[in-house]
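Chain residues, written in single-letter form:
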Amino acid sequence: MGKALDGVRILDFTHVQSGPTCTQLLAWFGADVIKVERVGAGDITRDQLRDIPDADSLYFTMLNGNKRSVTIDTKHAQGKGVLERLIRDCDVLVENFAPGALERMGFSWERIQALNPRMIVASVKGFGPGPYEDCKVYENVAQCVGGAASTTGFDDGPPVVSGAQIGDSGTGLHLALGIVTALYQRVHTGRGQKVLAAMQDGVLNLCRVKLRDQQRLARTGVMKEYPQYPNASFGEAVPRAGNASGGGQPGWILKCRGWETDPNAYIYFIAQAPVWERICKLIGREEWIDHPDYATPNARLPRLKEIFGEIECWTMKRSKFEAMAVLNRYDIPCGPILSMKEIATDESLRASGTIVEVDHPVRGKYLTVGNPIKLSDSPTEVMRSPLLGEHTDEVLAEFGYSHDEILALRVAGAI
Ligand code: CAO
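Residues numbered from 1 in each chain as written. Predicted model: local features only at pLDDT ≥ 70, side-chain atom pairs only at ≥ 80, totals over all residues. Heavy atoms only, no water.

Draft legend 1. Up close: the overall build of the protein chain. Summing up its helical and strand segments, the protein chain has 17 helices and 11 strands in all. Per-residue burial over the protein chain gives 45% buried out of 415 residues. Pairs at least 24 residues apart make up 65% of the contacts formed inside the protein chain by residues separated by at least 6 positions. For the protein chain, the distance from the average site of its 46 positive side-chain charges to the average site of its 51 negative ones is 2 Å. (Helix = DSSP H or I, 4+ residues; strand = E, 2+ residues; numbered from the N terminus. Buried < 20%, exposed > 50% of the residue type's maximum accessible area, 1.4 Å probe, protein only. Contact = heavy atoms within 4.5 Å. Lys, Arg positive; Asp, Glu negative; His and termini not counted. Charge placed at Lys NZ, Arg CZ, Asp CG, Glu CD.)

Draft legend 2. Seen up close, the site of the ligand. For the ligand, the set of nearby residues contains 24 residues, the closest of which are K75, R104, K136, V137 and D168. One of the backbone nitrogen or oxygen atoms of F97 is found 3.4 Å away from a nitrogen atom of the ligand. Contacts to the ligand include V137, whose backbone N or O atom sits 2.7 Å from a nitrogen atom. Bound to the protein, the ligand loses 82% of the 950 Å² it would expose on its own. Across the shell around the ligand, the residue classes tally to 10 nonpolar, 6 polar and 8 charged. (Near = heavy atom within 4 Å. Polar contact = N/O pair within 3.5 Å; in protein donor to acceptor, adjacent residues only side chain to side chain. Areas by Shrake-Rupley, 256 points an atom, 1.4 Å probe, with all protein chains shown as cover. Nonpolar A, V, L, I, M, F, W, Y, C, P; charged D, E, K, R; others polar.)

Draft legend 3. Local environment of the pattern of salt bridges. Summed over the entire model, instances satisfying the criterion amount to 24 salt bridges. A salt bridge links R68 to E394; the shortest N-O distance between them is 2.6 Å. Of this pair, R68 sits in strand 3 (residues 68–71) while E394 sits in helix 16 (residues 392–398); the two residues are 326 residues apart in sequence, bridging distant segments of the chain. For E394, a relative accessible area of 39% corresponds to the partly exposed category. Between R111 and E84 there is a salt bridge; the shortest N-O distance is 2.6 Å. With R111 in helix 5 (residues 109–115) and E84 in helix 3 (residues 77–89), the pair connects residues that are 27 residues apart, well separated along the chain. R111 sits in the partly exposed class, given a relative accessible area of 32%. In the salt-bridge network here, residues are joined through shared partners; they are D32, R68, E394 and E398. (Salt bridge = Lys/Arg side-chain N within 4 Å of Asp/Glu carboxyl O.)

Draft legend 4. Unusual backbone geometry, seen in detail. That bond from Y229 to P230 is cis: its omega, 5°, falls within 30 degrees of zero. Mapped onto the fold, P230 is located in the loop between helix 9 (208–220) and strand 7 (251–255).

Draft legend 5. View of the pairing of strand 2 (residues 32–37). Within strand 2, 5 of the 6 residues are buried, which leaves the element mostly enclosed by the surrounding structure. The β-α-β motif built from strand 1 (residues 9–13), the intervening helix 1 (residues 18–28) and the parallel element strand 2 has right-handed crossover chirality. (Right-handed = clockwise from strand over helix to strand, strands pointing away.)

Draft legend 6. Local environment of the pairing of strand 4 (residues 92–95). The two faces of strand 4 match: V92 and V94 on one face and L93 and E95 on the other face are all buried. Pairing between strand 1 and strand 4: 4 bridges, direction parallel. Bridge pairing links F13 to E95 in strand 4. Relative to strand 5 (residues 120–125), strand 4 runs parallel, the two being bridged by 4 bridges. Bridged to L93 within strand 5 is V121. (Pairing = 2+ DSSP bridges.)

Draft legend 7. Region of the structure containing a nonpolar patch on the surface. Together, Y138, V141 and V145 line one region of the surface with nonpolar side chains, adding up to about 270 Å² of accessible area. Along the chain, V145 turns up in helix 6 (residues 139–145). Residue classification places V145 among the partly exposed positions, given a relative accessible area of 32%. (Patch = residues over 30% accessible without salt bridge, like charges linked within 9 Å, V, L, I, M, F, W, Y side chains within 5 Å.)

Draft legend 8. Seen up close, helix 7 (residues 169–189). Over its 21 residues, helix 7 extends 30 Å from the first C-alpha to the last, a length consistent with the 30 Å expected when each residue adds 1.5 Å. Three or more residues of helix 7 are buried, namely G170, T171, G172, L175, A176, G178, I179, A182, L183 and R186. Those residues of helix 7 hidden inside the fold are in contact with helix 1, strand 4, strand 5, strand 6 (194–198) and helix 8 (199–206). Among the residues trailing helix 7, G190 stands out with phi positive, at a value near 75°. (Expected span 1.5 Å × (residues − 1).)

Draft legend 9. Quick peek at the nonpolar core. Ranked by internal contacts, the top residues of the largest apolar core, which has 35 residues, are I10, L26, V92, V94, L175 and I179. Counting only elements with at least two residues in this core, the list comes to helix 1, strand 4, strand 5, helix 7, strand 6, helix 8 and strand 10 (355–360). For I179, the contacting residues outside a window of four places in its chain are C22, L26, V92, V94, I120, A122 and V195. Membership of the second largest hydrophobic core comes to 29 residues, among which are L86, L115, I406 and I415. (Core = buried A, V, L, I, M, F, W, Y, C linked by side-chain atoms within 4.5 Å.)

Draft legend 10. Main features of the side chain of K3. Assignment of secondary structure puts K3 in the segment before strand 1. At 3.2 Å, the side chain of K3 and the side chain of E381 are in polar contact. Beyond its immediate stretch of four places on either side in the chain, K3 contacts W28, F29, G30, S378, P379 and E381.

Okay, structure coming up:
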């Protein structure tokens, strides 16, 4: 079966996490992703957080599957020549260098356009245009400047960053969508364009419910689904909401059996209005079904702490999986807190291809997260990450270089 992006050639200048997430997705959809790396060194993550000496790190291998690796010294005159040839015949150039690095290499938008007017140039940067556009940015910086950190954590503690890499991988996802959209527009216009995904913007996009809340707070001075209500005061900015649900149905994390020793013996419980009666029956509080203090969602808002306390008395008598099984029987939305250990061995995630084991010639078998987006006509086959420069000769030959020319480039230190 063919792949959705068959025939799309991507010149991949990305490194670390945000850009590689994007190009790995495009590779899973069938694009030919040619990762350009520094001669002798490669993507810095190849040797960051190593667990096996001399083997590419999991940081690298889990973000660069299904790609080909070529090494080119883009500051070498002959290396630049090779790049020009690649630019002429590729569809997309993706990069997440520090601001200005691509221009310093000699590849401004104008220069790339002159070489290939159909080329789409896609970039991740920390910030969009403005006072910080020249700044380097990493994941947690993006979480802080995009509104996530100030709204995550508990009211009596400092701002907290999430384990979900919404700054890096989240922005990579945004960029991938921008690229396929630009490819689609090119079908009609025949022209390439610039695609920019700024990490601050990407995080803010994922935090838009908090900007919603900022405006509600400014208008009404209170947000009744927040744990601060009714016993604590609100300030001028959206506070940290602990584990409160970000939507219209109240939720909280509740202890389950074993919580004293197991840090993940908890379940997320949503007191969804349509199943309120079932919740009351299940926990043995039938009198709440019609009681005016509990019968309606609005009446319950000032009593959420008490209500979740009562529900917790029920969940604490069960393991998180037992609670999940019973609650689902009653159509009550909930989710056990799964540890990474549990996720790594989850059979259904393996069966669906969301967790995949691949074999690497140096490190052996490793687990990776497969394509979370499933296309019925474009199935993903997750493949291992390339070794540094593994495909330099192969790719250069495809772009018309003879064996002798490749040898000469190598001797000159350009590849
Ligand atoms: N051959 C020769 N030189 C190369 C090369 C190649 N194949 N590939 C890269 N380089 C050079 C670049 O040209 C650049 O040189 P100059 O600074 O002299 O122009 C140099 O390598 C370093 O690039 P960089 O500035 O992007 O890398 P850094 O480690 O200093 O910064 C990062 C890393 C991530 C902070 C920065 O790239 C950045 O802010 N990127 C945009 C935001 C982003 O994506 N952040 C997420 C990263 S994941 O947490």
